[in-house]
Amino acid sequence: MSAEPTAEADQKEAVTSPTPMPLAKAINRALADELAADIKTILIGEDIGALGGVFRVTDKLQAQFGPDRVIDSPLAESGIIGACIGLAMRGYRPVAEIQFDGFVFPAFNQITTQLAKVHNRTNGAVTVPVTIRLPYGGHIGSIEHHSESPEALFAHTAGLRIIAPSSPHDAYWMTRQAINSVDPVIVLEPKRRYWLKGPVDLDTPAPDAFTAQVLREGTDVTLATYGPLVPVALAAAEVAATQGRSVEVVDVRSISPLDDETIARSAAKTQRLVVAHEAPTFGGFGAEIAARVSERAYHRLAAPVLRVGGFHMPYPPSAQEHRYLPDIDRMLEALERSFVYTSAGGHS
Amino acid sequence: MSDIRLADPTPVQLLAEDGTLTEHPVFSQYIEALDDEVLRELYRHMVLERRFDAEATSLQRQGMLALWVPALGQEAAQIGAIAALEQTDRVFPTYREHAMALYRGITPEELMGTFRATRHTGWDPHAFNFNAYSVVLASQVMHAAGWAMGIKQDVATGTLGEGRPDDELVLACLGDGATSQGDAHESMVFASSYELPMLYFIQNNHWAISVPQETQSRVPLAHRAAGYGFEGMRVDGNDVLATFAVTRYMAEQIRAGSGPKLVEAVTYRIGAHTTADDPTKYRTSEELDAWKSRDPIARYRTWLESRSIIDAAYTEQVDQEAAELAKQLRIAVRSMESVQLERVFDTVYAEPHRQVETEKAWLKDYEAGFAEEEEGADT
């Protein structure tokens, strides 16, 4: 990502919304706006200060808000989340950056046994409004532990909210909503889309972060996904249209809570649903969506809910990730497959 | 970086096992400054805790508690430390800090919800500046570091909350076992790097369930502090006066801006790890007897009596109060009502969550179905 000078950013402020900016810059702007709005909002993470984070998402924030509010932490993820919990107990709104998805596991205990449970454990007496920013997903050509999609592990933990923005506009507003939530929120940042440019309307909030949104209307089949695969799904829908298939694309946006109503409504309308995510399908979050939609729309479905995702293997060496990750073709294959099922005695 | 000396392996002791007080060039002044009423209170709280502990153990044996975690033998360590602090100092306990909890004013009923398993935590941590018990050990000392970061940041930005002093410190409690957890290490790194106002208080009771302290550390635990760049000290945790004096000495320096400190209170878990434990399988009766002879209450009572600070009438009065506390505990445990599952649903999140609400509504309908069936059967 090319670093933009502050002067240019300031200039942009004066420009009429919506402003085009890369997704990383939208998050940077959201963080800056929240830091400015509330003195109790602080950022903490590895290399987020002078460096601005390894993805430069916190670029220049330490210079603007000081090292006490944009804190370079020791190299200790459990410590980062544990410290955020203590800060939040005292009334702060800490925003932690975990450098890469694969490094969240040293903090897994603090996230699942502490952060998720403090409010419940104390019968509601103590709130812990911690936001965890987690750059996640693959397709960046990196080495092991830099391309993972651990959302199902956290979705299974009651007490956490998990959201996954897919566009700069959503990234800006959903990050702000996460920071303002009283509950702990994990924001899955689609790191391969950090450089994706799109309009950000700083005056018009995005829809509620905890809802799904229909991004493209269609009539034949629904394709639901979130985060980095949303642009892939939109592209797949575009290709399918040229082949005579009208695909409705739903951006799931929120993993927990899950807006299963919106997804099921779409699936009931099109009678078919394909769910895609980068994470392995086995035991994956797509299974949760499939089960819920099957229950809600059983009699309306002409085919079983199909899933497109990673394989039941550790994330492969990135030289092979193009074969592992769902792409347009894998989505098209699943979309087509959903049409071969017979319903009540014949091809539908 | 300053040069930190290793802690003296010989624990600081003021009150010998036979109840005689020795002069110490640094620590005696902290005891001399106390009036008799405070000295009596230390005794009273230790006796109350011991009776409370015995009653809880017995209630567990009667099937009234899911589990009990005895603190028998650790009364001086806990009371000495908590009494040396201010009510506004935040405590991050393990699950064995019953004496500290009672000292802070948490009631038997509030304390025992955890152990009767009617609720995870029965008290409001903010009301007592005393956090929920931590069961996943050492996680709490990382929270303590975060809280301490908040203290520093509040002071720096002039945003201290109402009633919060600018020299607050955090008591981060650990046992010998928990010092081996990664979070203990990470917490001490944070505390040192950010010069946090924290006092690590390790009760080395010699046994982490069945594993001896030698398996956790080959050196005195207090030595670890030097590795992080702050001072550690060993104190006789069965000597309430020494524990009080050392804690207050450390607290004074922390309040003056020294950064973190560590106290290792050398004590012994006379009881079992929990009521589900059988210590005869891993430790000898000789060892147990040796520690029983170093009883924290007996030696302190001997000294108080020798100075005529307490008399038979006073000890009788405290014993009666302890018996009354035990009675309150029995009543509380018997009448304790569980938090309802509806409330558990309602506190998973602070703000509405679609799936939680759906499941709560489903359970209500499901259970209402049984009620209707029962009504149908009656008519």
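If you're wondering where the values come from, they're calculated on a predicted model, not measured in any experiment.

Participant: Give me the lowdown on the overall build of chain A, citing residues and values where you can.
Facilitator: Each helix and strand in chain A was counted, giving 13 helices and 14 strands. For 348 residues, the compact-globule formula gives about 20 Å, and the C-alpha radius of gyration of chain A, at 20 Å, lands near that figure. On the principal axes, the C-alpha backbone points of chain A span a range of 65 × 45 × 40 Å. Taken over 348 residues, chain A has a buried fraction of 58%.

Participant: For the overall build of chain B, give the residues involved together with the corresponding values.
Facilitator: The secondary structure content of chain B amounts to 16 helices and seven strands. The C-alpha radius of gyration of chain B comes to 23 Å, within 12% of the 21 Å expected for a compact globule of 379 residues. Here the C-alpha coordinates of chain B stretch approximately 80 × 50 × 45 Å along the principal axes. Scored against the burial criterion, the 379 residues of chain B give a buried share of 48%. Across chain B, the fraction of contacts at a sequence separation of at least 24, relative to all contacts at a separation of at least 6, is 79%.

Participant: An account of the sheet that holds strand β3 (residues 198–204) of chain B is needed here, citing residue identities and associated values.
Facilitator: Residue and element names in this part refer to chain B. The strand order β1-β2-β3-β7-β6 describes an open sheet built from five strands, whose pairing is parallel. Of all the strands in the sheet, the pair left with one neighbour each is β1 (90–92) and β6 (231–236). Averaged over neighbouring strand pairs, the angle between their axes works out to 20° when direction is ignored. Of the strand pairs in this sheet, β6 and strand β7 (residues 261–266) are connected by six bridges, and their pairing is parallel. Bridge pairing in β7 places E231 opposite K261.

Participant: Describe in detail the packing of helix α2 (residues 36–61) of chain B against helix α13 (residues 296–306) of chain B, supporting the description with residues and values.
Facilitator: All names here are of chain B. Running from N to C, α2 and α13 point in directions that differ by 150°, and their axes come no closer than 11 Å. Considering their axes alone, α2 and α13 lie roughly antiparallel with respect to each other. Seen from above, α2 lies across α13 with left-handed handedness. Of α13, the residues touching α2 (which contributes L39, Y43, M46, V47 and R50) are P296, I297, Y300, R301 and L304. Considering only residue class, the contact of α2 with α13 consists of eight nonpolar, no polar and two charged.

Participant: Tell me about the sheet that holds strand β9 (residues 213–216) of chain A, and please be specific about residues and values.
Facilitator: Strand pairing in a sheet relies on backbone hydrogen bonds. The paired strands run either parallel or antiparallel. Residue and element names in this part refer to chain A. Strand order in this open sheet of five strands is β9-β11-β10-β13-β14, and the pairing throughout is mixed. Because the sheet does not close on itself, it has two edges, and the strands there are β9 and β14 (306–310). Pairs of neighbouring strands in the sheet enclose a mean axial angle of 25°, with direction left out of account. Here strand β13 (residues 273–280) pairs with β14 via four bridges, running parallel. Its bridge partner being in β14, V274 is matched across the sheet by L306. Sitting on the sheet, helix α11 (residues 285–297) is in contact with β10 (221–225), β13 and β14, with an inclination near 160° to β13.

Participant: Account for the interface of chain B and chain A, naming residues and giving values.
Facilitator: Taken together, the contact pairs 40 residues of chain B with 37 residues of chain A. Looking at which element gives the most residues to the side of chain B that touches chain A, the answer is helix α7 (residues 139–157) of chain B, with twelve residues. Tallied by class, residues from the side of chain B that touches chain A come to 16 nonpolar, 17 polar and seven charged.

Participant: Help me get a handle on the domain arrangement of chain A, residues and values and all.
Facilitator: Residues and elements named next belong to chain A. If you check the domain split of chain A, you get domain 1 (14–200) and domain 2 (213–337). A C-alpha centroid distance of 26 Å is found between domain 1 and domain 2. Across the boundary between the two partners, domain 1 contributes 23 residues, which contact 20 residues of domain 2. Taken together, the elements giving at least two residues each to the side of domain 1 that touches domain 2 come down to α7 (151–155), β6 (161–163) and β7 (185–190).

Participant: Residue-level account of the nonpolar core, with values.
Facilitator: Formed by 202 residues in total, the largest nonpolar core has its most connected members in A:L223 and B:A172. By residue number, the principal contributor to this core is helix α11 (residues 240–255) of chain B, which donates ten residues. The contact partners of A:L223, leaving out residues within four places of it in the chain, are A:A233, A:A236, A:A237, A:V247, A:V249, A:V274, A:A276, A:M331 and A:L335.

Participant: So what's going on with the pairing of β14(A)? Which residues, and what values?
Facilitator: The element β14(A) is largely enclosed, with a buried count of five among its five residues. At this point the chain moves from β13(A), through α11(A), to the parallel β14(A), and the crossover so formed is right-handed.

Participant: For the confidence of the model for chain A, give the residues involved together with the corresponding values.
Facilitator: Residue and element names in this part refer to chain A. When pLDDT is averaged across chain A, the result is 94; 93% of the residues are at 70 or more. Least confident of the elements in chain A is helix α1 (residues 6–14), whose mean pLDDT is 47; most confident is strand β11 (residues 247–251), at 99. Here residues 1–12 scores under 50 on pLDDT; set against residues more than four positions off or in separate chains, the count is eleven contacts. Confidence over residues 344–348 falls short of pLDDT 50; this stretch has three contacts with residues more than four positions distant or in other chains.

Participant: Outline unusual backbone geometry, supporting the account with residue identities and numerical values.
Facilitator: Between A:S256 and A:P257 the backbone carries a cis peptide bond, its omega angle lying at 0°. Along the chain, the position of A:P257 falls in the loop between β12 (254–256) and α10 (260–270). Unlike most non-glycine residues, B:H206 shows phi in positive territory, near 80°. Checked against the element boundaries, B:H206 lands in the loop between β3 and β4 (207–208). Of note in this structure, B:I209 is not a glycine but carries a positive phi near 50°. Inspection of the secondary structure assignment puts B:I209 in the loop between β4 and β5 (211–212).

Participant: Can you explain the packing of α10(A) against α11(A)? Please cite residues and give values.
Facilitator: A pair of packed helices can be characterised by two numbers: the angle between their axes and the separation between those axes. Residues and elements named next belong to chain A. Contact geometry for α10 and α11: axes closest at 9 Å, N-to-C directions at 60°. By the angle class used here, α10 and α11 are oblique. The handedness of the crossing between α10 and α11 is right-handed. Between α10 and α11, the residues in contact are D260, I263, A264, A267 and A268 and I289, R292, V293, R296 and A297, respectively. When its residues are assigned to classes, the contact of α10 with α11 shows seven nonpolar, no polar and three charged.

Participant: Lay out the domain arrangement of chain B with the relevant residues and their values.
Facilitator: Looking at chain B, the domain boundaries give domain 1 (28–338) and domain 2 (342–378). Here the C-alpha centroids of domain 1 of chain B and domain 2 of chain B sit 40 Å apart.

Participant: So what's going on with the environment of B:G229? Which residues, and what values?
Facilitator: Residue and element names in this part refer to chain B. With respect to the secondary-structure elements, G229 resides in the loop between α10 (224–228) and β6. Take G229: there are 18 C-beta atoms within 10 Å of it, and that puts it in the partly exposed class. Taking the C-alpha atoms as reference points, G229 and A191, separated by 38 residues in sequence, lie 9.8 Å from one another.

How each quantity is defined
Residues numbered from 1 in each chain as written. Chains lettered and ligands numbered in written order. Predicted model: local features only at pLDDT ≥ 70, side-chain atom pairs only at ≥ 80, totals over all residues. Helix = DSSP H or I, 4+ residues; strand = E, 2+ residues; numbered from the N terminus. Rg over C-alpha atoms; globule rule 2.2 N^0.38 Å. Buried ≥ 20, exposed ≤ 12 C-beta atoms within 10 Å, placed from the backbone. Contact = placed C-beta atoms within 7 Å. Pairing = 2+ DSSP bridges. Axes fitted to C-alpha atoms, helices over the stretch in contact; angles between N-to-C directions. Parallel < 35°, antiparallel > 145°, perpendicular 65-115°, else oblique. Left-handed = near helix turned anticlockwise from the far one by under 90°. Nonpolar A, V, L, I, M, F, W, Y, C, P; charged D, E, K, R; others polar. Domains from an automatic or database assignment. Core = buried A, V, L, I, M, F, W, Y, C linked by C-beta atoms within 7 Å. Right-handed = clockwise from strand over helix to strand, strands pointing away. pLDDT = per-residue confidence, 0-100.

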